[in-house]
Each structure stands twice: as C-alpha cells, then as structure tokens.
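# Structural overview
As a plain string of letters, each chain reads:
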Amino acid sequence: MSRSHYFYFKLSVKDLEALVSAYQVEFDALLEDCFSDEELTQHEKMIDAIAAVYVQPILSEMSFDDFYADEKNEEAQRIFFESARSSICLENLPYFESNPFQVTYLQSLLSRFLEVLIDSGGVNELVFRDQYLLELSKYKDIDSLISEYVAPKQEVKTSRPVDPIDFFIFDVYKELDRLKAEGKIADIRLDDQSEKLKKIFFVMSAEKLDSSALLRKTGLGAKEFDDTLERLKFYLKKI
C-alpha cells in the first residue's frame, strides 16, 4: 500500500464532512477511554503520525479510466465511481506495520459506511471497502497495545460473559483472536455473506465492545443482531 490513499463515497461533500468530523471526536474519545494520559504520551509520536484527512469533491475531469480497475469487479467499480459525489484523501500515511493507531483509525472509520471505493495509489487496483479492511486486518491494531497493559476498564470487555448474548460476543472475539494468531485473517471471505454479517464483523474487527455498545454501533435490531452474531460465530469457527 502506498503513502496516500483516496476513498470515494456516494455521500455529498457536506454530509461526508459532518460524518468525518463526528468520527474524529469519537476516535479521540476512544483513545482517552483506552489509554491513560501516561500511555498516550508514550504513543504520542504514532498518534501524531496518523494521516491528515481531507474531504473534497471529485474533480470533474477525473475519469474511471484513470484508475487500475479490478478486472473481476470492473463493471461494479465503474458504476460506483460514476455515482460517487465526494472523496477523502489521506496524505502521508504511516506504514501500517508500524502504526496500530492508523490501522484502527481506518478500520473504525470505514465501518461506518456500507460501501466505499478505494484507490491505494500507484499501480494498485481499486478495491471496495471489504477487501481493503481484510488487508488492514493483517496488521496490528490498538488492541495489540491495550493487551500490554493491565487495566480494569478493559477487563469489562474481555472477562467471561454472564448473559446469553455475551457468550456469542465472547466467542466471536475469541475466534477473531485465534485467526489473527494463526495468520488466517486473510482467509476470511465475506462476498457471499449478508450486509448485516459484514457490518458486525467489521465493527468487531475494529474494536472490542460490550453487547450494548456493539448493538448500538451496528444499528441492527435486537433479533437480527442476535441471529447474525450467531451465524458469524459459526462461520469463523469453520476457518
């Protein structure tokens, strides 16, 4: 992946700006919740290195043929790009191998959209959001840093569950940890899965949440949330 990436959306520039601004506030709050002041100071260089985000309209002279399309998805990518109304430019991206904060930032941001078309620059082919997130999942996120600290506030998220739905959540996180440890994250293929399952997967891949926070973030109804979470659990177990 190159040092500047471009994300294309169907949202208006105004709506995208509002969403990105709100997300930045949420991300800053996430860091404060997950790390002490001392820990934030320790990781200050990595946090400051997170790429600047620029929301902008799509240049009128830009054409889909300016990109390297994925042959298998070229038609779908062309249709999406031609209906896109806004974009995000991320400049001077740090290398993902060395910056878990950048990885989590992108994972969590992209989980807020159903679909995004991404240009990683150079001769890299265009990819949709799901493929981009799968690539990101190969790198360490801030959970790898959090695990280094023994903090009571994190024990709430990782302790053994007591409610039925919490067992499913605990098991899904356990399967994700197993797949990361075994280097099998890239084996996850969600093309044939429902949008609901994809949404839960990418939210859970980005951060560890309790049942209430996870339900709220996915925006699903309680029944579909439970059913989809169970399907995700058994899907991951098969990998």
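So, a few notes on the structure that sits alongside this text. (Residues numbered from 1 in each chain as written. Predicted model: local features only at pLDDT ≥ 70, side-chain atom pairs only at ≥ 80, totals over all residues. Heavy atoms only, no water.)

### Some words on the sheet that holds strand β5 (residues 127-128)
Note the following rule: For two strands to be treated as a pair, DSSP must find at least two bridges joining them. A run of DSSP states H or I qualifies as a helix once it reaches four residues; a run of E qualifies as a strand once it reaches two. Both are numbered from the N-terminal end.
The strand order β2-β3-β1-β4-β5 describes an open sheet built from five strands, whose pairing is antiparallel. Because the sheet does not close on itself, it has two edges, and the strands there are β2 (52-56) and β5. As paired elements, β2 and strand β3 (residues 86-91) share five bridges and run antiparallel to each other. Within β3, the position partnered with V55 by the bridge is I88.

### Some details on a negative patch on the surface
Let me state the cut-off plainly: Each patch is assembled from residues with relative accessible area greater than 30% and no salt bridge, linking like charges that lie within 9 Å and nonpolar side chains (Val, Leu, Ile, Met, Phe, Trp, Tyr) that lie within 5 Å. Note on areas: Shrake-Rupley with a 1.4 Å probe; residue coverage comes only from the protein chains shown. For salt bridges, the criterion is a side-chain nitrogen of Lys or Arg within 4 Å of an Asp or Glu carboxyl oxygen. Under this rule, positive means Lys or Arg and negative means Asp or Glu; His and the chain ends count for nothing. Where a charge sits is defined by one atom per residue type, namely NZ (Lys), CZ (Arg), CG (Asp) or CD (Glu). For the exposure calls, accessible area comes from a 1.4 Å probe over protein chains only, and a residue counts as buried if that area is under 20% of its type's maximum, exposed if over 50%, partly exposed in between.
Taken together, D28, E32, D33 and D37 make up a surface patch of like negative charges. At three residues, helix α1 (residues 13-34) tops the list of elements feeding residues into the negative patch. As for its placement among the helices and strands, D28 is situated in helix α1. On the basis of relative accessibility, which here comes to 37%, the residue D28 falls in the partly exposed class.

### Structural notes on the packing of helix α10 (residues 195-206) against helix α12 (residues 222-237)
Selection criterion: Here an axis means a line fitted to C-alpha atoms, over the contact stretch when the element is a helix, while the angle between two N-to-C directions is reported on a 0 to 180 degree scale. Put simply, angles under 35 degrees are roughly parallel, angles over 145 are roughly antiparallel, angles from 65 to 115 are roughly perpendicular, and the rest are oblique. The criterion used for residue contact is that any of the two residues' heavy atoms lie within 4.5 Å. In this classification, Asp, Glu, Lys and Arg are treated as charged, Ala, Val, Leu, Ile, Met, Phe, Trp, Tyr, Cys and Pro as nonpolar, and every other residue, Gly included, as polar.
Contact geometry of α10 with α12 gives a least axis separation of 9 Å together with a crossing angle of 75°. Classified by the interaxial angle, the pair formed by α10 and α12 is roughly perpendicular. Within the contact between the two elements, α10 uses K196, L197, I200, F201 and M204 and α12 uses E224, F225, T228, L229, R231 and L232. Of the residues contributing to the contact of α10 with α12, the split by class is seven nonpolar, one polar and three charged.

### Considering the nonpolar core
Using the following cut-off: To define a nonpolar core, start from buried Ala, Val, Leu, Ile, Met, Phe, Trp, Tyr and Cys residues and group those joined through side-chain atoms within 4.5 Å.
Counting 58 residues, the largest nonpolar core has F7, F35, L106, Y132, I188, M204 and L232 as the members making the most contacts within it. Per-element tally for this core: the top contributor is α1, with seven residues. In terms of nonpolar packing, the next biggest core, distinct from the first, is built from ten residues, F67, A69, L117 and F128 among them.

### Some thoughts on α12
Put simply, the rule reads: To estimate the expected span of a helix, count its residues, drop one, and scale the result by 1.5 Å. The reported arc concerns the directions from the helix axis to the C-beta atoms and nothing else.
Across its 16 residues, α12 extends 23 Å between first and last C-alpha, which sits within 8% of the 22 Å expected from 1.5 Å per residue. Among all positions in α12, only F225, T228, L229, L232, K233, Y235 and L236 are buried. Taken around the axis of α12, the buried residues stretch over an arc of 165°, which confines them to a single face.

### Brief notes about the environment of E82
By the element assignment, E82 lies in helix α4 (residues 74-83). E82 gets classed as exposed once you look at its relative accessible area, which sits at 58%. When the C-alpha positions of E82 and S63 are compared, they lie 8.3 Å apart, and in sequence the two are 19 residues distant.

### Details of unusual backbone geometry
Positive phi, close to 55°, is recorded for N92, a residue that is not glycine. Residue placement: N92 occurs in the loop between β3 and α5 (100-110). Here N92 falls in the exposed class, since its relative accessible area comes to 58%.

### Considering the pairing of β3
With five of its six residues buried, β3 lies for the most part within the structure. Pairing geometry for strand β1 (residues 5-9) and β3, over five bridges, is antiparallel. Note on β3: the bridge partner recorded for Y6 is C89.

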